[in-house]
Amino acid sequence: MTLIYIVWAVAYFPVAAFLGPTIRNKLAGSHFLCICTNPNKKTHHPEPRRLYLNAMATIVLISCVKKKLIGAKNVTAKDLYISPLFKKAWAYANQLNADKIFILSAKHGLLNPESKIDDYDISLVKAKVSERKDWTVKVIEQMEQEGISLQDDKFVILAGKNYYDFLQEKLNPDNCTFPYANKGRIGHILRFLTQELSK
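Scope of this entry: the structure provided in the associated data block. Numbers given to residues run from 1 along each chain, matching the order in which its sequence is written. Predicted model: local features are reported for residues with pLDDT of at least 70 only, side-chain atom pairs are reported and counted for 80 or more only, and whole-chain, interface and lining totals are derived from all residues. Hydrogens and water are ignored here; the side-chain numbers use all heavy atoms of the structure.

1. Quick notes on helix H5 (residues 84–95)
Selection rule: Secondary structure follows DSSP: runs of H or I at least 4 residues long count as helices, runs of E at least 2 residues long count as strands, and numbering of each begins at the N terminus. To estimate how far a helix should extend, the number of its residues minus one is multiplied by 1.5 Å. Only protein chains enter the calculation, and the probe is 1.4 Å; a residue is then buried if its accessible area is under 20% of its type maximum, exposed if over 50%, and partly exposed in between. Arc definition: it is the arc formed by the directions from the helix axis to the C-beta atoms.
Between its first and last C-alpha, H5 extends 16 Å over 12 residues, near the 16 Å set by a 1.5 Å rise per residue. Of the positions making up H5, those classed as buried are Leu85, Phe86, Ala89, Trp90, Tyr92 and Ala93. Down the axis, H5 shows its buried residues gathered within 165° of arc, on one side only. Asn97 sits one or two residues past H5 and shows a positive phi near 55°.

2. Observations concerning the environment of Lys67
Where we set the bar: Residue contacts follow a heavy-atom distance rule, with two residues in contact if any of their heavy atoms lie within 4.5 Å.
Checked against the element boundaries, Lys67 lands in the loop between strand E1 (58–63) and strand E2 (75–76). Separated by 54 residues in sequence, Lys67 and Asp121 have C-alpha atoms that sit 9.2 Å apart. Among all residues touching Lys67, those that are not within four sequence positions of it are Leu80, Tyr81, Ile82 and Ser83.

3. Some remarks on the packing of aromatic side chains
Let me state the cut-off plainly: In summary, the pairing rule links any two rings of Phe, Tyr or Trp, Trp by its six-membered ring, whose centres are within 6.5 Å, and it sorts them by plane angle into stacked for under 30 degrees, edge-to-face for over 60 and tilted for everything else. A ring is considered to have a charge above it if a Lys NZ or an Arg CZ atom is located within 6 Å of its centre and within 35 degrees of its normal.
Within the structure shown, the criterion is met by six aromatic pairs. Judged by centre distance (6.4 Å) and plane angle (80°), the rings of Tyr81 and Tyr120 are edge-to-face. Of this pair, Tyr81 sits in the loop between helix H4 (77–80) and H5 while Tyr120 sits in the loop between strand E5 (116–117) and helix H6 (129–145); the two residues are 39 residues apart in sequence, bridging distant segments of the chain. Take Tyr81: its relative accessible area is 0%, and that puts it in the buried class. Judged by centre distance (5.9 Å) and plane angle (75°), the ring pair of Tyr92 and Phe192 falls under edge-to-face. One end of the pair, Tyr92, is in helix H5; the other, Phe192, is in helix H8 (residues 186–197), with 100 residues separating them in the sequence. As far as burial versus exposure is concerned, Tyr92 and Phe192 are alike and both buried. A network of ring pairs unites the aromatic residues Tyr81, Phe86, Trp90 and Tyr120 as a single cluster. The ring of Tyr120 carries Lys68 above its face, with NZ or CZ at 4.5 Å from the centroid. Note that Lys183 overlies the ring of Phe192, its terminal NZ or CZ placed 4.6 Å from the centroid.

The structure is reproduced here in structure tokens:
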């Protein structure tokens, strides 16, 4: 290791002087440099960032709805949607004691319920397949940014198939539940949510 360090030092310092401070500083923080400059120091390899401490977090995803506060500006996302379906779904999601609840927004993708947004009129119900696929890619990227594990976390998806048909392909099927599946029309879903909330 000492020989490696000597060879590296001879090569590094002239090159670093040529590259300038910006790139030199990036090199200074690299894993390779840490090994070479201190051969006796053990390096730490951090685990991928996880938002939740428990091994399997429960994530509830609620689809957005058409009925909103018309013309609303800079309103908290969970307050923008005013239909009975969303309100009951929100109450049901909270009843599940989930680690995190997100809204599946046709416009914003994975939406934090506390985010401030404006009224919009976009839906995935009549969107093209290509548009729904692009939207799903966006949602998956946002999930990864939130530290959500697509394979290890548990998902409860309160949404119609247009919002999860391509998303479920990326999730562990053993960790996913779709309470609305096979419930039929909105009236039946509302009845299901009402029954669950009364328990």
